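# A structural walkthrough
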Amino acid sequence: MAGWGKWALMAVALAGTAAHAQPAADTAPTAFPQRATAYPDRPAIAVGVAWYPEQWPEERWDTDLKMMRDTGFNTVRIGEFAWSRMEPVEGKFDFAWMDRAIAAAQRHGFMVVIGTPTAAPPAWLTQTYPDTLRIDEKGVRAGHGGRRHFSFASQRYRDFSRRIATEMAKRYGRHPAVVGWQIDNEVGPPSWDPEAIAAWHAFLKQRYGTIDNLNKRWTTQYWSQFYNSFDQVPLHQTGQQNPGLLLDFRHFTTRMWTDFIQNQAKAIRPLIDKRSFITTNTMFWNAGFDHFVMHRDLDIASWDNYIPDGRPDWVANGANHDLVRGYKQRNFWLMETQPGRVDWVPVNRALDPGQVREMAWQAVAHGADAILYWQWRPAANGQETYHGAILGQDGKPNPIQPEIARVSADLTRAAPLLADTAPAADVAMLYSYDSRWAIDLQRHHRDFDPIKAFTDFYRPIRVQSQGVHVISPDADLARYRLVVAPNMMVMTETEAAALEAYVRGGGHLVLGPRSGMRDDANALYPRTQPGPLADLLGAEVAQYYALDEGVSLTGAIAGKASIWAEELTPTAPDVRTIATYRDPGGWLDGKAAIVTRKVGSGSITYVGAWLDPATMNTLAADLLAEAKVTPVIAGAHPDFEIAEREGKGKRILIAINHGKDARALTLPAGAKPAGGDWAGGRVAAHGVAWFTLPGSPR
Ligand code: GAL
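Every chain begins its residue count from 1, and numbering advances along the sequence as written. Under the rules for a predicted model, residues below a pLDDT of 70 receive no local features and side-chain atom pairs below 80 are neither given nor counted, while totals for whole chains, interfaces and linings still include all residues. Values shown for side chains rest on all heavy atoms present in the structure; no hydrogens or waters enter the calculation.

## Describing the sheet that holds strand β27 (residues 682-683)
Counted only if it meets this: Only strands joined by at least two bridges in the DSSP assignment are considered to pair. Secondary structure counts use DSSP, requiring at least four H or I residues in a row for a helix and at least two E residues in a row for a strand, with both numbered from the N terminus.
Pairing within the open sheet is antiparallel, and its three strands lie in the order β24-β27-β26. The sheet is open, and its two edges are formed by β24 (663-664) and β26 (678-679), each paired on a single side. The pairing of β26 with β27 spans two bridges and is classified as antiparallel. Its bridge partner being in β27, Trp 678 is matched across the sheet by Val 683.

Here's what the structure looks like:
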């Protein structure tokens, strides 16, 4: 969401290869000692803030850094957006100020994350080379003054980006305070400039080989779309276009942004200490590119978690954390989060007292090893003067500062326990970018929002199981007792084979509505849902219906469905129908809505309807019971978010009370309080408590 209030979420970029002449870098060699040891006493959990020293007089830096230390911070992120300060004119670099800023941060004991500044090109660049500017789908070229106004396809822009990133890495790559590198900032959106269009054609050629193949996969014998050559294919992300083209547009943007990031990552990698990470910060449910693909060659995932309206839906927010953890299936950094409020939605409500701390702990519970706030102090001018910050315009702490200092104190205290632990889960949910895009492109029902559909499945499963990993459809499934694919509408034969192997190996698989309907060119399979898994299921969808009002369900799972209903026809004798529609006078009356089949010691279940929350809750309980998934604390009040991190022989239980009242919690046997707001068997209102658990990690 941090993204969609601000700029379109799509992205694409080219593969143009023409070498662009590199002006010689006019910069002194680095004067810093090369890093010989890991950052001394590097804390397991980073806590810190985005600091923009270039916006402030140097005389203020020490005061700010001292106040950051007083807030308990151990990390600053600097450099992103400061391109015009580092390279004020083409090829003339000025790093002296940054040398001093990093040295000051080091003096005050900070770890430093460096952001490459390529989200905000300097005016000399866009003015001298207007071909680097982004062109939108309507053909309008971006102007200077905002950010992200470059074309992701511009080879010239990539060359300039690589050069500034290289200069920074030469200088700071082995600096003892520097622990990580963030490439660019929240990449997106795409461009329709001539290089992008050429890259699109090259991409399609690489993907399909021949134009005949493309014509076949996209079924271009439709509305006279047939193409004689790749360069006839238009570049579109929306509109009345072929669904194959529109899905491939997203594949293309994935390729372009991945290449855009790797262009810098590859350049800096040999120049930086090998213990430093390379990442890029991403946004809430961003649909601009496939994040699993983007992260293949990055070291860690990091993201920017904002709750723009200040009204958290904790479970839904947790789902996005789990997705980010899934990009690499390892812990991540929260690179930005709000000190109270944002400034980019119609009503920028602040979170209530205590909720900033809950946000931090929620992130940690879901696998964050860093909490960095955005930002330290609002610049005197610039586009974001109203955004939440830790200091006010007067340079004094805002009312949120003590709460953030408390977060730092908590995490500093808990860090040794949390070190080398990661969220535990017996349940995986599969998140497929292709399916999300394909559904969004042709929802068939206005309200079939793929994120809501995903979250409606996630909600009761997360609350009841207290641990869910969100992973890519091509991830290894064997370690999970239960795998849920809520809307895997696009399902390749390879993915179907992996799911089948999982079930045959004893796993429990649940498919939601629309599963297995289309291939990865977004074409319909010649058999109905779940397509390549219909034989394993022993049932298939006879017809699907968009609902404008709810329909009742009877049977083992009784309740209601809305938005979407599929009529299932069992084809094998051992298939059990666990929900049947009651729809007097309608097509669905008496037809199967949910079916399940045992396969050895595993099972496959198909849920053909969008269930209302209470019905979903009942179904989730049955699915978890069948897969023998048990929560760490059974029967916790719904205000609680419970999570377990485990690793290196440790098990840590985290309990966050998101409610307004103190709540009792029955701890598992052997749990020992380790910190937080635990007193008299209760966790305080908006409070957090953490405990050690006996036993070994799973
Ligand atoms: C993020 C962005 C930051 C800042 C912040 C404000 O999306 O990365 O630079 O704009 O939003 O919420």
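## Description of the environment of Met 616
Going by this rule: For the exposure calls, accessible area comes from a 1.4 Å probe over protein chains only, and a residue counts as buried if that area is under 20% of its type's maximum, exposed if over 50%, partly exposed in between. In this analysis, two residues are considered to be in contact whenever any of their non-hydrogen atoms come within 4.5 Å of each other.
Considering the arrangement of structural elements, one finds Met 616 in helix α17 (residues 613-626). Look at Met 616 and you get buried, because its relative accessible area is 3%. Between the C-alpha atoms of Met 616 and Gly 559, which are 57 residues apart in sequence, the distance is 8.8 Å. Apart from residues lying up to four places away in sequence, Met 616 is in contact with Asp 456, Phe 457, Pro 460 and Leu 611.

## So, the domain arrangement of the protein chain
We apply this condition: The domain limits used here are those given by an automatic or database domain assignment. Summed over both partners, the accessible area (1.4 Å probe) lost when two parts come together is defined as the buried area. Each salt bridge in this description consists of a side-chain nitrogen of Lys or Arg and a carboxyl oxygen of Asp or Glu lying within 4 Å of one another. N or O atoms closer than or at 3.5 Å make up a polar contact, with two conditions inside protein: a donor-capable atom paired with an acceptor-capable one, and, for residues adjacent in sequence, both atoms drawn from side chains.
In terms of domain boundaries, the protein chain breaks down into domain 1 (2-10 + 34-189 + 255-420), domain 2 (194-249), domain 3 (427-626) and domain 4 (640-693). Using only C-alpha atoms to locate each centre, domain 1 and domain 3 end up separated by 38 Å. Counting from both sides, the interface comprises 20 residues of domain 1 and, opposite them, 19 residues of domain 3. Summed over both sides, the interface of domain 1 with domain 3 buries roughly 1700 Å², with 59% coming from carbon and sulfur. It is Trp 285, Phe 292 and Val 315 in domain 1 that bury the most area against domain 3; as a group they hold 33% of the surface buried on that side. Counting every contact that joins domain 1 to domain 3 gives one salt bridge. A salt bridge links Arg 459 to Asp 313, with the shortest nitrogen-to-oxygen separation between them at 2.8 Å. Summed over the shared surface of domain 1 and domain 3, the result is seven residue pairs in polar contact (both at pLDDT 80 or more). At the level of elements, α9 (291-294) and α10 (314-328) are the ones that each hand at least two residues to the side of domain 1 that touches domain 3.

## Description of the environment of Lys 274
Structurally, Lys 274 is set in the loop between α8 (243-268) and β5 (277-279). Residues Lys 274 and Gly 173, spaced 101 residues apart in sequence, show a C-alpha to C-alpha distance of 9.2 Å.

## Some remarks on the pairing of strand β13 (residues 482-485)
Alternating residues of β13 divide into Leu 482 and Val 484 and Val 483 and Ala 485, and every residue in both groups is buried. Pairing of strand β11 (residues 427-430) with β13 involves three bridges; the strand directions are parallel. If you follow Ala 428 over to β13, its bridge partner there is Val 483. In the sheet, β13 pairs with strand β14 (residues 508-511) via four bridges, with the strands oriented parallel.

## Thoughts on the nonpolar core
Soluble globular proteins tend to bury their nonpolar side chains together. Note the threshold: Nonpolar cores were defined as sets of buried Ala, Val, Leu, Ile, Met, Phe, Trp, Tyr and Cys residues, with membership established by side-chain atoms within 4.5 Å.
Trp 51, Phe 73, Trp 181, Tyr 373 and Ile 654 are the most contacted members of the largest nonpolar core, which has 155 residues in total. With 11 residues, α8 is the single largest residue contributor to this core. Judged by nonpolar contacts, the second largest core, of 29 residues, contains Leu 537, Leu 568, Ala 592 and Ile 604.

## Things to note about helix α14 (residues 450-465)
This is how the line gets drawn: Here, expected helix span is obtained from the residue count minus one, scaled by 1.5 Å. Bend is computed residue by residue as the angle between axes fitted to the seven residues ending at the residue and the seven residues starting at it.
With 16 residues, α14 should cover 22 Å at 1.5 Å per step; its first-to-last C-alpha distance of 22 Å lies within 8% of that length. The largest bend along α14 reaches roughly 30° and is located at Tyr 458, with the proline Pro 460 sitting one to four residues downstream. Counting buried positions along α14 gives 12 out of 16 residues, so the element sits mostly inside the fold. Among the residues of α14, those classed as buried are Pro 450, Ile 451, Ala 453, Phe 454, Thr 455, Asp 456, Phe 457, Tyr 458, Pro 460, Ile 461, Arg 462 and Ser 465. Where α14 begins, the capping side chain belongs to Asp 449, and its oxygen is found 2.9 Å from the backbone nitrogen of Ile 451.

## Considerations on the side chain of Asp 434
Examined against the element boundaries, Asp 434 turns out to sit in helix α13 (residues 433-441). Within polar-contact distance, the side chain of Asp 434 engages the side chain of His 251 at 2.8 Å. Residue contacts for Asp 434: discarding those within four places in its chain leaves Leu 247, His 251, Val 490 and Asp 520.

## Quick look at the pattern of salt bridges
Oppositely charged side chains can form a pair if their charged atoms are brought close together. Under the definition given, this model contains 41 salt bridges. Here Lys 66 makes a salt bridge to Asp 70, at a shortest N to O gap of 3.1 Å. With a gap of four residues between them, Lys 66 and Asp 70 both fall in helix α1 (residues 58-70), about one helical turn apart. Assessed through its relative accessible area of 48%, Lys 66 is described here as partly exposed. One salt bridge connects Asp 535 with Arg 527, and the closest N-O pair in it is separated by 3.2 Å. Taken together, the shared-partner salt bridges in this structure form one network comprising Asp 426, Arg 481, Glu 644, Glu 646, Arg 651 and Arg 698.

## A word on the sheet that holds strand β9 (residues 368-373)
For clarity, the threshold we go by: Lines fitted to C-alpha atoms define the axes, with helix axes restricted to the stretch in contact, and inter-axis angles between N-to-C directions lie between 0 and 180 degrees.
Taken together, the nine strands give an open sheet; going across it, the order is β5-β4-β3-β2-β1-β9-β8-β7-β6, and neighbouring strands pair in parallel fashion. One side of each edge strand has no neighbouring strand; the edge strands of this open sheet are β5 and β6 (281-282). Inspection of the sheet shows strand β8 (residues 332-337) paired to β9 by two bridges, in the parallel sense. Bridging across to β9, Phe 332 finds its partner in Ala 368. With respect to the sheet, α10 is in contact with β6, β7 (302-305) and β8, its orientation differing from that of β7 by roughly 165°. Lying on the sheet, helix α11 (residues 355-365) is in contact with β7, β8 and β9; it crosses β9 at an angle near 150°.

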